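Here is how the chains run, residue by residue.
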Amino acid sequence: MSLAELQKIEVTAARSYPVFLGAPLEELGEYLHSQFKDVEHILIVTNQVVAELYAERLQKGLLDYRVNLLTVPAGETEKSLERLSQLTTAALRCGADRHTLVIALGGGVIGDLAGFFASVFMRGIRLIQVPTTLLAQVDSSIGGKVAVNHPAGKNIIGAFYPPRAVWTDFTTLESLPWSEVENGLAESIKHALITDSGLFEFFETQEESIKQRDPVIWREMVTRSSTVKVTIVSQDEQEQGLRALLNLGHSFGHALETAMNYRGVTHGQGVSIGLVAAAYLANAKGLMTGAEVDRIKHLLNTYGLPIEIKGQDPEVLLHLMQADKKNQGGRKILILPQGTGQAVIARDCTDAEILDAWKQVISV
Ligand code: NAD
Ligand code: GLY
C-alpha cells in the first residue's frame, strides 16, 4: 500500500498531526523518510512482550536509520521517574541528540513513558506513537497526554506533548489477550456514550463479531472510537472544557482502583463500574431514564465487563473522590451521561447523591 492510500484522520490542534489507521508497521520508515529529512537516529522504546512480537516488523522498514531498541519490563510501575532516568542514560549512551526521533511501540504504559521521555529529553525531541493495545489505539496514543506516576498518584508528573504522528497497525491487536481487550472496550463504550449513539448501537449489534475478533468489524470499531477521541482533542487539546468529558466513569473508577490498591480490579473494570455509577447518578439528576441505565448495564455485561463490585465501603469511595484532578475549590466535578450519546459536566452533585450512586453498584 502506498502512503497516499493509507487511511488517516487528522488531529487539528495547535500543531496538527495525522492518525494513520491500518498502517503496516513495516511501512513507518517510508513515512518517516518522507517527513523528516534530518532524522538519522531512532530510539524505539518498548517493553519485552511487545519487542518480541513486533520489533522486528517495525525495524524492517527502518534499515536506513541508526536504530536503538530500548526495552523496559511490562507493567504500570515502569511509568516512574527512575525508569525515565534510566532511559535518559541509555539514550545518551546510544548517542541520542536533539535530532533523534522516539518511537513509542506498545500500549498506554509505553506511550505515556516514552512520550514523557521524548517531551523532556534535551527539552523535547520528536515522537511517533505506535499503539499496540486496543486502549492505546482508541485512546491513549491520541491527544498528547504523556506522564509518569508519583507515589502520590497516577500521571502526576506529565505534559501535553503531541506526537508527530500516530501509526496504528490493527494486526498488532491479534495477539492481545482478551483481558486487555476489555480495557479498550470499556474506553470505547465510554467514547460511544459521550458523543456517538450510533457507535453505542454498533456495540449492541456487533457483539458476536467483536467477540470473534472479526477484522472488518474491529477495524470499524477502532476507527469509529478513535474518531471520537480525535474530534474531542481537536477542539480542546489542553482540557480547558470539552476534553473533560473523556473522564466519564473515571472519577468513580479511579476511586475504586485506589480503594482496592490496584488489585482485583483492572482499569477497564473500574471504568465499567464507574460508567454504571455515573449512569445511576445521571438518572437521579433526570439526565437519563431507568431504561437507558439498564441498556448501559446490559451492554457492559455483554462484553464481560462488571457492573457492580462486592464489599466496598461507599463512604471510603466517596472520600477518595476528593483527590480527583477535575475537582475545583473542594467541589466535586463529575461527568455524567445524558442518554446514550451525550455527556455533560456536572458541578452540582451533592455528596449524598454520589453516595447513593455508589450504593447502587456495591453488592454485599
Ligand atoms: P499496557 O500498556 O500496560 O499494556 C497492557 C499489556 O498488554 C502489557 O502487559 C503489554 O505488554 C501487553 N501488550 C501490549 N501490546 C500487546 C500486543 N499487541 N499483543 C500482546 N500483548 C500486548 O496497558 P494499556 O491498557 O495499553 O495502557 C494503560 C496505560 O495507559 C495506563 O498507564 C494509563 O494511565 C494510560 N492511559 C493514558 C492515556 C493518555 O491519554 N495518555 C489515556 C488512557 C490511559
Ligand atoms: N483519556 C483522557 C484524555 O485523554 O483526556
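Residues numbered from 1 in each chain as written. Chains lettered and ligands numbered in written order. Predicted model: local features only at pLDDT ≥ 70, side-chain atom pairs only at ≥ 80, totals over all residues. Heavy atoms only, no water.

A.B. asks: Quick one: what's the story with the packing of helix α3 (residues 81-93) against helix α4 (residues 108-120), residue by residue and with numbers?
C.D. replies: How two helices pack is summed up by the angle between their axes together with the distance between the axes. Orientation of α3 relative to α4, taken along the N-to-C sense of each, is 60°, at an axis distance of 10 Å. As the angle between them shows, α3 and α4 are arranged oblique. The chirality of how α3 crosses α4 is right-handed. Every residue of α4 that contacts α3 at Arg83, Leu84, Leu87, Thr88 and Ala91 is listed here: Leu113, Phe116, Phe117 and Val120. Looking at the contact of α3 with α4 residue by residue, the classes come out as seven nonpolar, one polar and one charged. (Axes fitted to C-alpha atoms, helices over the stretch in contact; angles between N-to-C directions. Helix = DSSP H or I, 4+ residues; strand = E, 2+ residues; numbered from the N terminus. Parallel < 35°, antiparallel > 145°, perpendicular 65-115°, else oblique. Left-handed = near helix turned anticlockwise from the far one by under 90°. Contact = heavy atoms within 4.5 Å. Nonpolar A, V, L, I, M, F, W, Y, C, P; charged D, E, K, R; others polar.)

A.B. asks: Which residues make up the site of ligand 1, and what values do they have?
C.D. replies: Near ligand 1 you find 26 residues, and of these Glu76, Thr132, Thr133, Thr172 and Ser175 are the closest. In this structure, asparagine 47 approaches ligand 1 through a side-chain N or O atom, which is 2.8 Å from an oxygen atom. Looking at which element gives the most residues to the shell around ligand 1, the answer is helix α2 (residues 48-60), with four residues. Taken together, the residues of the shell around ligand 1 sort by class into nine nonpolar, nine polar and eight charged. (Near = heavy atom within 4 Å. Polar contact = N/O pair within 3.5 Å; in protein donor to acceptor, adjacent residues only side chain to side chain.)

A.B. asks: How would you explain helix α10 (residues 250-259) if you had to name every residue and give the values?
C.D. replies: Burial analysis of α10 places seven of its ten residues in the buried class, which makes it a mostly covered element. Turning to α10, its buried residues are His250, Ser251, Phe252, Gly253, Ala255, Leu256 and Glu257. At its buried positions, α10 is contacted by α6 (178-195), α11 (267-284), β10 (309-310), α13 (314-320), β11 (334-337) and α14 (351-361). Just beyond α10, the residue with positive phi is asparagine 261, at close to 55°. (Buried < 20%, exposed > 50% of the residue type's maximum accessible area, 1.4 Å probe, protein only.)

A.B. asks: Talk me through α3; I want residue IDs and the actual numbers.
C.D. replies: Under the 1.5 Å per step criterion, the end-to-end length of α3 is 18 Å for 13 residues, consistent within 8% with the ideal 18 Å. Taken as a whole, α3 has its buried residues at Arg83, Leu84, Leu87 and Ala91. In a view along the axis of α3, the buried residues occupy a sector of 100°, so they form one face of it. Within α3, the exposed residues directed more than 90 degrees away from the buried face are Glu82 and Arg93. Of the surrounding elements, those touching the buried residues of α3 are β3 (41-47), β4 (66-72) and α4. Looking one or two residues past α3, glycine 95 carries a phi angle of roughly 80°, positive in sign. (Expected span 1.5 Å × (residues − 1). Arc of directions from axis to C-beta.)

A.B. asks: Quick rundown of the pairing of strand β9 (residues 165-168)? Include the residues and the values.
C.D. replies: Covered by surrounding structure in β9 are Ala165 and Trp167 together with Val166 and Thr168, the residues of both alternating faces. Sheet topology note: the strand β2 (residues 17-21)/β9 ladder contains three bridges and is parallel. From the neighbouring strand, leucine 21 faces β9, where its bridge partner is threonine 168. Pairing of strand β6 (residues 126-131) with β9, which is carried by two bridges, proceeds in the parallel orientation. Considered in β9, the bridge of glutamine 129 is made with valine 166. (Pairing = 2+ DSSP bridges.)

A.B. asks: Give a detailed account of the pairing of strand β1 (residues 7-11), specifying residues and quantitative values.
C.D. replies: Bridge count between β1 and β2: five bridges; the pairing is antiparallel. Within the sheet, the bridge partner assigned to lysine 8 lies in β2 and is phenylalanine 20. If you look at the hairpin formed by β1 and β2, you'll find five residues sitting between the two strands.

A.B. asks: Report on the site of ligand 2, specifying residues and quantitative values.
C.D. replies: Lining the immediate environment of ligand 2, one finds Asp139, Lys145, Lys229, Glu239, Arg243 and Leu246. At 2.7 Å from an oxygen atom of ligand 2 is found a side-chain nitrogen or oxygen belonging to arginine 243. Across the shell around ligand 2, the residue classes tally to one nonpolar, no polar and five charged.

A.B. asks: Can you lay out the sheet that holds strand β5 (residues 101-106) for me, pointing to particular residues and giving the numbers?
C.D. replies: Taken together, the seven strands give an open sheet; going across it, the order is β1-β2-β9-β6-β5-β3-β4, and neighbouring strands pair in mixed fashion. The sheet is open, and its two edges are formed by β1 and β4, each paired on a single side. The sheet shows a mean angle of 20° between the axes of neighbouring strands, direction not considered. Running at roughly 20° to β1, helix α9 (residues 215-235) makes contact with β1 and β2 of the sheet.

Everything listed here is a matter of geometry and, on its own, says nothing about what the molecule does.
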